[in-house]
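Read off the chains here:
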Amino acid sequence: MGAPRGGGGGGWKMAAGGGFAGRPGAAWVLIAAALAAVKVSAVEVNTPEEMFVENGTDAKLPCTFTSVEVISSAASVSWSFQPEGAATRISFFYYSNGKSYPGKDIPFKDRITWAGDLNKKDASITISNMQFRDNGTYICDVKNPPDIVVKPGEIRVRVVEKDLHAGFLCMVGRLHKRITTIVEETLNSESFSSSEKCCDNCLQVLRKTVKAGFQATDEMLSCIPAFT
């Protein structure tokens, strides 16, 4: 074996094509410089964390996004579903260039409708006739090249009985009304304006609010026909 050219053995040879032979770090520097020259930003996807949907009704799954790039024909939306208790996801809907591509052999066959508008940065869909088997997590993924998605939006959907859902809303309404009344009455009382009694009155408001919560929970049953 002959001695390395260039003398000293410590020099670096120019490889064919102008690269640096035996110096991989230089290649990474060039790649990093090339990437830095390309402007890449993130698409931010926004969805509610949780939704309650009545059994047998249509549900609109809202999904919006932000992107600094102009929405082009390359933009696309994909939805997938992870059933409650399952470890895998099922892709069931794809939208691009003004066309919808719902899956065929899926639980949502013939039940998906595009409800968004990419020009308005809306990627929502509607699922008709929601069933209990539709409980799970729905994932909204938006791509708008060259922007990239950092994290898709996820919605945990809970399908409930119609009467149970009505009872829940009834409970919340009564609780809100009761708490508002208690607070307003206490704040408007003459004793509340006295500084030495202010703390005592605050504790009274807290006690009454907690008590109202328990009472409203009991009253929820009166909102459900099955328990009346």
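What counts, and at which threshold
- Residues numbered from 1 in each chain as written.
- Predicted model: local features only at pLDDT ≥ 70, side-chain atom pairs only at ≥ 80, totals over all residues.
- Heavy atoms only, no water.
- Pairing = 2+ DSSP bridges.
- Helix = DSSP H or I, 4+ residues; strand = E, 2+ residues; numbered from the N terminus.
- Disulfide = S-S within 2.5 Å.
- Buried < 20%, exposed > 50% of the residue type's maximum accessible area, 1.4 Å probe, protein only.
- Contact = heavy atoms within 4.5 Å.
- Phe/Tyr/Trp six-rings, centres within 6.5 Å; stacked < 30°, edge-to-face > 60°.

### Focus on the sheet that holds strand β1 (residues 42-46)
Argument step 1. One open sheet holds the 3 strands; their spatial order is β4-β1-β11, and the pairing between them is mixed. The open sheet is flanked by β4 (64-66) and β11 (148-149), the only strands paired with a single partner.
Argument step 2. When β1 meets β11, the two strands line up parallel, connected through 2 bridges. Paired with Ala 42 across the two strands is Ile 148, which belongs to β11.

### Side note on the state of the cysteines
Argument step 1. For the coordinates displayed, the defined rule picks out 1 disulfide.
Argument step 2. Here Cys 63 connects covalently by a disulfide to Cys 140, the sulfurs 2.1 Å from one another. Classification of the bridge connecting Cys 63 and Cys 140 rests on its S-S torsion, roughly -80 degrees, and on that basis the disulfide is left-handed. In this pair, Cys 63 is assigned in the loop between β3 (59-61) and β4 and Cys 140 in strand β10 (residues 136-143), connecting sequence segments 77 residues apart.
Argument step 3. Overall, the relative accessible area of 0% leaves Cys 140 in the buried class.

### Re the environment of Val 77
Argument step 1. Positionally, Val 77 belongs in strand β5 (residues 76-83).
Argument step 2. Owing to a relative accessible area of 0%, Val 77 belongs among the buried residues under this scheme.
Argument step 3. Excluding residues within four positions of it along the chain, Val 77 makes contact with Phe 93, Tyr 94, Tyr 95, Trp 114, Leu 118, Ala 123, Cys 140, Asp 141 and Val 142.

### Section: unusual backbone geometry
Argument step 1. For the bond running from Pro 145 to Pro 146, omega is 5 degrees, close enough to zero to count as cis.
Argument step 2. Relative to the elements of secondary structure, Pro 146 occurs in the loop between β10 and β11.
Argument step 3. A positive phi is found at Asp 110, a non-glycine position, where the angle reads about 65 degrees.
Argument step 4. With respect to the helices, strands and loops of the structure, Asp 110 is situated in the loop between β7 (99-102) and β8 (112-114).

### Let's talk about the packing of aromatic side chains
When we look at a pair of aromatic rings, we describe it by the centre distance and by the angle of the planes.
Argument step 1. For the structure on display, the rule yields 8 aromatic pairs.
Argument step 2. Measuring from centroid to centroid gives 4.6 Å for Phe 81 and Tyr 138, while their planes differ by 35 degrees, and the two rings are tilted. Highlighted residues: Phe 81 in strand β5 and Tyr 138 in strand β10, separated in sequence by 57 residues.
Argument step 3. On the basis of relative accessible area, Tyr 138 is assigned to the buried category, the value being 0%.

Honestly, that's just the spatial picture; any functional story needs more than this.
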